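For reference, the chains in residue letters:
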Amino acid sequence: MKPLFIAGPGRSGTTALTMYLNEHPEVLVCRERFKWIPREEVKLELFTFERIMDFEDGYERRDSGTRKKRHQAILVSKDFSKLRWVGDKVPGYTQTLPLLAQNNPGARFLLTYRPVEEVAESTEARSKNPDDFWLGGKDGFKVGIQHWNRALRRMRDFLESEAGKNALVVSYHDFFYRNEEFIPTISRFLDIEFGETVRRAWREATRDFESTRRPKVSLSKRHRRLIEKHADREVEAYILRRIEMQREGTRP
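Residues numbered from 1 in each chain as written. Predicted model: local features only at pLDDT ≥ 70, side-chain atom pairs only at ≥ 80, totals over all residues. Heavy atoms only, no water.

Caption draft 1: Broad picture of the packing of aromatic side chains. Using the criterion set out here, one finds 16 aromatic pairs in the structure. On the numbers, 5.6 Å between centres and 85° between planes, the contact of phenylalanine 5 with tyrosine 93 is edge-to-face. Highlighted residues: phenylalanine 5 in strand β1 (residues 2–7) and tyrosine 93 in the loop between β3 (85–89) and α4 (97–103), separated in sequence by 88 residues. Taking relative accessible area as the criterion, tyrosine 93 reaches 0% and is therefore assigned buried. Ring centres of phenylalanine 175 and phenylalanine 182 lie 5.6 Å apart, and the angle between their planes is 80°; on these two criteria the pair is classed as edge-to-face. Residue classification places phenylalanine 175 among the buried positions, given a relative accessible area of 0%. Aromatic ring contacts, followed pair by pair, group Tyr20, Tyr172, Phe175, Phe176, Tyr177, Phe182, Phe194, Trp202 and Phe209 into a single cluster. Cation over ring: arginine 108 sits above phenylalanine 189, and NZ or CZ is 5.2 Å from the ring centre. In this structure, arginine 114 packs its charged tip against the face of tyrosine 172, placed 4.0 Å from the ring centre. (Phe/Tyr/Trp six-rings, centres within 6.5 Å; stacked < 30°, edge-to-face > 60°. Helix = DSSP H or I, 4+ residues; strand = E, 2+ residues; numbered from the N terminus. Buried < 20%, exposed > 50% of the residue type's maximum accessible area, 1.4 Å probe, protein only. Lys NZ or Arg CZ within 6 Å of the ring centre and 35° of its normal.)

Caption draft 2: Structural view of helix α9 (residues 196–212). Over its 17 residues, α9 extends 24 Å from the first C-alpha to the last, a length consistent with the 24 Å expected when each residue adds 1.5 Å. What α9 keeps buried is the set Val198, Ala201, Trp202 and Thr206. Along the axis of α9, the buried residues cluster in a sector spanning 140°; they form a single face. Pointing more than 90 degrees away from the buried face of α9 are the exposed residues Thr197, Arg207 and Ser211. Buried-residue contacts for α9 involve α1 (14–21), α7 (172–177) and α8 (179–190). (Expected span 1.5 Å × (residues − 1). Arc of directions from axis to C-beta. Contact = heavy atoms within 4.5 Å.)

Caption draft 3: Spotlight on the pairing of β3. Taken across its five residues, β3 has five buried, putting it largely inside the fold. Here β3 shows a buried face lined by Trp85, Gly87 and Lys89 and a second buried face lined by Val86 and Asp88. Pairing of β1 with β3, which is carried by five bridges, proceeds in the parallel orientation. Bridge pairing in β3 places isoleucine 6 opposite lysine 89. (Pairing = 2+ DSSP bridges.)

Caption draft 4: Expanded view of the sheet that holds β1. Reading across from one edge, β2-β3-β1-β4-β5 is the order of the five strands in this open sheet, with parallel pairing throughout. Lying at the two open borders of the sheet, with one neighbouring strand each, are β2 (27–31) and β5 (167–171). Averaged over all adjacent pairs, the angle separating strand axes in this sheet is 20°, with direction ignored. Contacts from helix α6 (residues 140–159) reach β4 (108–113) and β5, with the element oriented near 145° to β4. (Axes fitted to C-alpha atoms, helices over the stretch in contact; angles between N-to-C directions.)

Caption draft 5: Focus on the environment of aspartate 139. In this fold, aspartate 139 is placed in the loop between α5 (116–127) and α6. For aspartate 139, a relative accessible area of 32% translates into the label partly exposed. The spacing of aspartate 139 and threonine 123 is 16 residues in sequence and 9.0 Å in space, taken between C-alpha atoms. Among the polar contacts listed, one links the side chain of aspartate 139 to the side chain of arginine 222, at a separation of 2.5 Å. (Polar contact = N/O pair within 3.5 Å; in protein donor to acceptor, adjacent residues only side chain to side chain.)

Caption draft 6: Local environment of the nonpolar core. Residues Phe109, Leu111 and Ile239 are the most contacted members of the largest nonpolar core, which totals 45 residues. The element best represented in this core is α6, accounting for seven residues. Leucine 111 has contacts with Ala7, Leu97, Met155, Phe158, Leu159, Ala167, Leu168, Val169 and Val170, leaving out every residue within four places of it along the chain. (Core = buried A, V, L, I, M, F, W, Y, C linked by side-chain atoms within 4.5 Å.)

Caption draft 7: Summary view of the pairing of β5. The buried fraction of β5 amounts to five of the five residues, a majority that puts the element mostly inside the structure. Side chains of β5 alternate between two faces, with Ala167, Val169 and Ser171 and Leu168 and Val170 buried alike. By the bridge criterion, five bridges tie β4 to β5 in an arrangement that is parallel. Residue threonine 112 lies in a different strand from β5, and its bridge partner there is valine 170.

Here it is as structure tokens:
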């Protein structure tokens with residue numbers, strides 16, 4: 001097994017990407033299982049059945065019962081002897097990508113990109129819930145832009161480093177709306193085949209996603225001003241160039 005980490009701005013599809021990849025029998029990606037342990041301790045040896053299900057490790061902060069059931073559901077379909085990739089998705093891994101690469105030789109990284117307009121709008125929608133432990137009561141739209149900027153800047157720094165050769169930028173729209181076209185790219189990156197069973201599961205997941213997604217609303221003038229003033233279009237242009245080079249099969 002080799003380590004696989006998924007990261008990106010919050011609200012950019014990291015959870016959905018994880019759920020899609022877990023349809024493959026040779027892939028196991030946890031859902032923020034180790035988000036609270038010190039980053040220097042995130043290493044391949046964490047990803048055993050016993051360790052993943054050890055929710056008495058002293059690092060849990062909330063909803064441990066829900067998180068345990070979630071990971072039980074992921075693990076029940078996995079045969080560890082057949083796994084080729086195992087790891088975790090945590091959006092905040094963008095802040096410590098070099099450390100993860102240093103501590104996990106051979107690791108691969110999937111870094112998600114979604115347009116700032118959609119990230120900020122989704123962040124604002126979540127912030128309207130006053131009980132939300134992360135965003136409740138905050139200016140969600142502005143927070144979304146700030147987090148998007150910070151994540152993309154760290155992603156660029158990592159992609160420009162030597163370790164960045166082991167990273168693939170996943171465009172939200174490419175993956176969720178044109179995943180049949182994207183499959184060859186991710187197949188080459190992970191060196192695994194995606195058979196018809198997995199492809200069918202992805203198509204069905206996309207249909208379900210589209211039928212239940214929250215209707216989008218037009219951005220207000222305030223929202224557009226905030227984006228114009230604060231969104232880092234330079235770093236976005238870099239990320240988009242990287243995505244285009246991946247499509248063409250060329251290296252930076």
